[in-house]
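Letter by letter, the chains look like this.
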Amino acid sequence: MILVKTAKEVEAMKPACQISAEALRLGGEAVKPGVTTAQIDKIIYDYIVSQGARPNFKGLGGFPGSACISVNDVVIHGIPSHGIVLHEGDIVSIDTGAAVHGWNGDNAATFACGAVAENAQHIMDVTKEALARGIAAAQPGNRVGDIGAAVQQYVEANGLSVVRTFVGHGVGRKLHEDPEVPNFGTAGHGPRLVAGMVIAIEPMVNEGTHVVKEQPDGWTIKTADGKLSAHFEHTIAITPKGPVILTQV
Ligand code: MG
């Protein structure tokens, strides 16, 4: 069931979204050669807790980290680890979320570790722009399929693929609510978007095949072909005037 929020409830979600956004910014700032993903996770944890909020990924389904940190061919759900050291040229997807006053925020971005190759820059640029196009399609009166179609068309026109197995989602009192928001689809199809819906749009874009593979740890999702993947996400509110990004720092 899609829970439509009042304007007051959308307002109440802003602190959680702002804390998520600042945690992501700080995590991204820490991406440097020689740093471990566990160190980045600690920065994110410390910031979220310092704001009186809770890292809402921690413990969700048993996930051990405060953030998902996914390097290169890891699509999503990378477990922060002291054993994962970043190197010059890596691309690092960080997904953070915070809960405060019973509301959730959720966002993600892919960061370059030092200087990166042209193909790595390309996938980051395309994924970021695909998110912008998905958000632009999230107009009241449109449908969920308009978002997916906007993302998919832009990504595929740029020679990349969209992950099918994982999708965006509603956000509210729960981190994951209805509706599902796929990064692919057909314009004019799916649930109607109405003012008061709050959704996370999160294109996961692969360089090669869209097929992904869960690793033996039960969390880490990698591209099936070992090529790169990028991930950008915002929590947005659909308002009578159009989409508003809640996770903007
Ligand atoms: Mg999400």
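This text follows the structure it describes.
Notes on the sheet that holds strand E8 (residues 177-181)
Moving on, step 1. With respect to topology, five strands assemble into an open sheet ordered E8-E7-E9-E14-E15, the strand pairing being antiparallel. Looking at strand neighbours, the two that pair on one side only are E8 and strand E15 (242-245), the edges of this open sheet. Adjacent strand axes in the sheet meet at a mean angle of 30°, parallel and antiparallel pairs treated alike.
Moving on, step 2. Of the strands in this sheet, E8 and strand E9 (198-201) touch helix H4 (residues 144-157), which is tilted by about 40° from E8.

Concerning helix H1 (residues 7-29)
Moving on, step 1. For H1, spanning 23 residues, the distance from its first C-alpha to its last is 33 Å, which sits close to the expected 33 Å at 1.5 Å a residue.
Moving on, step 2. Of all the bends in H1, the greatest, near 30°, is centred on lysine 14, and the proline proline 15 appears no more than four residues after it.

Overview of the environment of valine 167
Moving on, step 1. Examined against the element boundaries, valine 167 turns out to sit in the loop between strand E6 (161-162) and strand E7 (168-170).
Moving on, step 2. Distance in space between the C-alpha atoms of valine 167 and aspartate 217 is 21 Å, their sequence separation being 50 residues.
Moving on, step 3. Contacts of valine 167, omitting those with residues within four sequence positions, involve Glu180, Val181, Pro182, Asn183, Phe184, Glu202 and Met204.

Notes on the coordination of the magnesium ion
Moving on, step 1. Ligation of the magnesium ion by protein atoms is provided by Asp106 (OD), His169 (NE2), Glu202 (OE) and Glu233 (OE), these donors lying 2.1 to 2.4 Å from the ion.
Moving on, step 2. Positions of the donor residues of the magnesium ion, expressed as sequence spacing, correspond to D-x62-H-x32-E-x30-E. Taken as a pair, aspartate 106 in strand E5 (residues 103-112) and histidine 169 in strand E7 lie far apart in primary sequence, 63 residues in all. There is no split in this pair, since aspartate 106 and histidine 169 are both buried.

Cut-off values and rules
- Residues numbered from 1 in each chain as written.
- Predicted model: local features only at pLDDT ≥ 70, side-chain atom pairs only at ≥ 80, totals over all residues.
- Heavy atoms only, no water.
- Pairing = 2+ DSSP bridges.
- Helix = DSSP H or I, 4+ residues; strand = E, 2+ residues; numbered from the N terminus.
- Axes fitted to C-alpha atoms, helices over the stretch in contact; angles between N-to-C directions.
- Contact = heavy atoms within 4.5 Å.
- Expected span 1.5 Å × (residues − 1).
- Bend = angle between axes of the 7 residues up to and from the residue.
- Donors = N, O, S within 2.8 Å, 3.2 Å for Na, K, Ca; no water.
- Buried < 20%, exposed > 50% of the residue type's maximum accessible area, 1.4 Å probe, protein only.

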